[in-house]
Structure formats: C-alpha cells, structure tokens
Amino acid sequence: GYEAGRSYPALVLLPYTDSTALHMFNWGMYDAYRDRSENAFIVIMPPGQGSSANWSGYGWEAIVNEYESYIQQDLGAIAAKYNVSQSQMVLGGFSLGGDMTWALSLRNPGIFSGAIVMGSMSTYRNEQNAQLLAQRDFRYFMVMGGYDGNRGSMYNALDVLDANAIDYHYEEVSNAGHGDLPEQKEHDLFLSAMD
C-alpha cells in the first residue's frame, strides 16, 4: 500500500543474536505487518547480524559502532527516498537488538523519536543525552518476559527513564522467558508499539 507522495513513520529494526533483521521480520512480524490496513509504516532493516561475541567488551563496542555508522551515514538517504517522517522514526529490537536499540537511542538523541526495547539488559548510560531525549519528548516502549533473567537490568533502565522524566510504556509478559518472548507476542508488541 505504499504511496510515493505520502509521508510515513518508520521502524529501524535491529537483529538479535545470530540472526538478521530480515529474519526477525519474516519470522515474527511479516504476516501481521502485511495484513495491516491502517497506521502503515515502513520497516528499514540494516544489513548484518550479531553473535554472542558482541555481548560485551570489544565485540559490543564493534557492533554498536557498526550500526551507528549505518544510522549516521546511510539512514538519511533511505528515509528521504521513501518519504519517512523524520519526527516519526523509531529504532527497535529484541535481545542483542534491544541492547543496541537502547544504546543507539541514547548515543544519537537527535535522530529518533522513540525506541522499542524488548528483552534487553539496557545497561548503556549517557545522562546528558538522556536529558536531551526528555526535552525532545522521546518515548520508549519497553518489554520484558516475566521470568527473563535480564529483568533486574531492565528495571534499572526504567529507573533511568523515571529519573530523567522520559515517557515510556513498560509491559511484562508474565508467562515468557527470554527466548519465549518473540514466539508468543513479538508481532503484536511491535505493532502496538508503533501505533
């Protein structure tokens, strides 16, 4: 249903461990996205994938830098080509993709208007940029499985949002662990977050 003369919101989807953004989209979102007749948005899927080597240290820095480079160098041209509304561009991901979403939203406070962070530890901190996000009316949609071992870290991230008066919605899926979350509710959660 894409119309060239119309402006659209966009979701920049980041991959989880050992998967691409395209795989994540095809596995958890495609059917629901395809069947949408209202609130259309564009999904932008940067190339590449992460691995367990990217969970910490040098590997973490490398993958964040890789996707930050994509965002800063390539995203603008793609957004212009497809009439993406600059005030409605959202970053999103699950697990490693959620960790990158959290970090990249804080590292690039002027690019996105919101972020969808699922199953993420969200440990990156940048107090100055958090204050900039609050000034820009940035919004987070945070999701965690009820028995995901990363819940404590996610709660700490919510404390950061509260301390900086950043608007967010938090949803805990009571019967889900870390790996269960995408299978149970991923497409519904991404679509409701975008709405």
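See the structure printed just above.
Description of the structure in this document.

About the criteria used
- Residues numbered from 1 in each chain as written.
- Predicted model: local features only at pLDDT ≥ 70, side-chain atom pairs only at ≥ 80, totals over all residues.
- Heavy atoms only, no water.
- Helix = DSSP H or I, 4+ residues; strand = E, 2+ residues; numbered from the N terminus.
- Rg over C-alpha atoms; globule rule 2.2 N^0.38 Å.
- Buried < 20%, exposed > 50% of the residue type's maximum accessible area, 1.4 Å probe, protein only.
- Contact = heavy atoms within 4.5 Å.
- Lys, Arg positive; Asp, Glu negative; His and termini not counted.
- Charge placed at Lys NZ, Arg CZ, Asp CG, Glu CD.
- Axes fitted to C-alpha atoms, helices over the stretch in contact; angles between N-to-C directions.
- Parallel < 35°, antiparallel > 145°, perpendicular 65-115°, else oblique.
- Nonpolar A, V, L, I, M, F, W, Y, C, P; charged D, E, K, R; others polar.
- 1 Å grid on protein atoms, 1.4 Å probe; cavity = no way out; pocket = protein on both sides within 12 Å on 5 of 7 lines; lining within 4 Å.
- Points joined across faces, edges and corners; volume = space filled by probe spheres on them.

1. Section: the overall build of the chain
Here is step 1: Along the backbone of the chain there are eight helices and six strands.
Here is step 2: Written out in order from the N terminus, the α and β elements of the chain read β-α-α-β-α-α-β-α-β-α-β-α-β-α.
Here is step 3: Radius of gyration (C-alpha) of the chain: 16 Å, near the 16 Å computed for a compact globule of 195 residues.
Here is step 4: The C-alpha extent of the chain, read off along each of the three principal axes, is 45 × 35 × 30 Å.
Here is step 5: By residue count, 49% of the 195 residues in the chain fall in the buried class.
Here is step 6: Long-range contacts, defined here as pairs at least 24 residues apart, represent 72% of the contacts in the chain between residues at least 6 apart.
Here is step 7: Charged side chains in the chain number 10 positive and 23 negative. The centres of these two groups are separated by 5 Å.

2. Digging into the environment of M118
Here is step 1: For M118, the position within the fold is in strand β4 (residues 114–118).
Here is step 2: Exposure remark for M118: the relative accessible area of 1% places this residue in the buried category.
Here is step 3: Through-space distance from the C-alpha of M118 to that of F190 is 9.2 Å; in sequence the pair is 72 residues apart.

3. Things to note about the packing of helix α5 (residues 96–107) against helix α6 (residues 127–135)
Here is step 1: Contact pair α5 / α6: the axes reach a minimum separation of 8 Å and the direction vectors enclose 80°. Judged on the interaxial angle alone, α6 and α5 are roughly perpendicular. Seen from α5, the contacting residues are S105, L106 and R107; seen from α6, they are N129, A130 and L133.
Here is step 2: Taken together, the residues of the contact of α5 with α6 sort by class into three nonpolar, two polar and one charged.

4. Here's the deal with the layout of surface pockets
Here is step 1: Taken as a whole, the largest pocket holds about 480 Å³ of empty space.
Here is step 2: V90, R139, A193, M194 and D195 are, among the 22 residues lining the largest pocket, the residues nearest its centre.
Here is step 3: Its residues assigned to classes, the lining of the largest pocket comprises eleven nonpolar, seven polar and four charged.
Here is step 4: Here the second largest pocket defines a volume of roughly 300 Å³.

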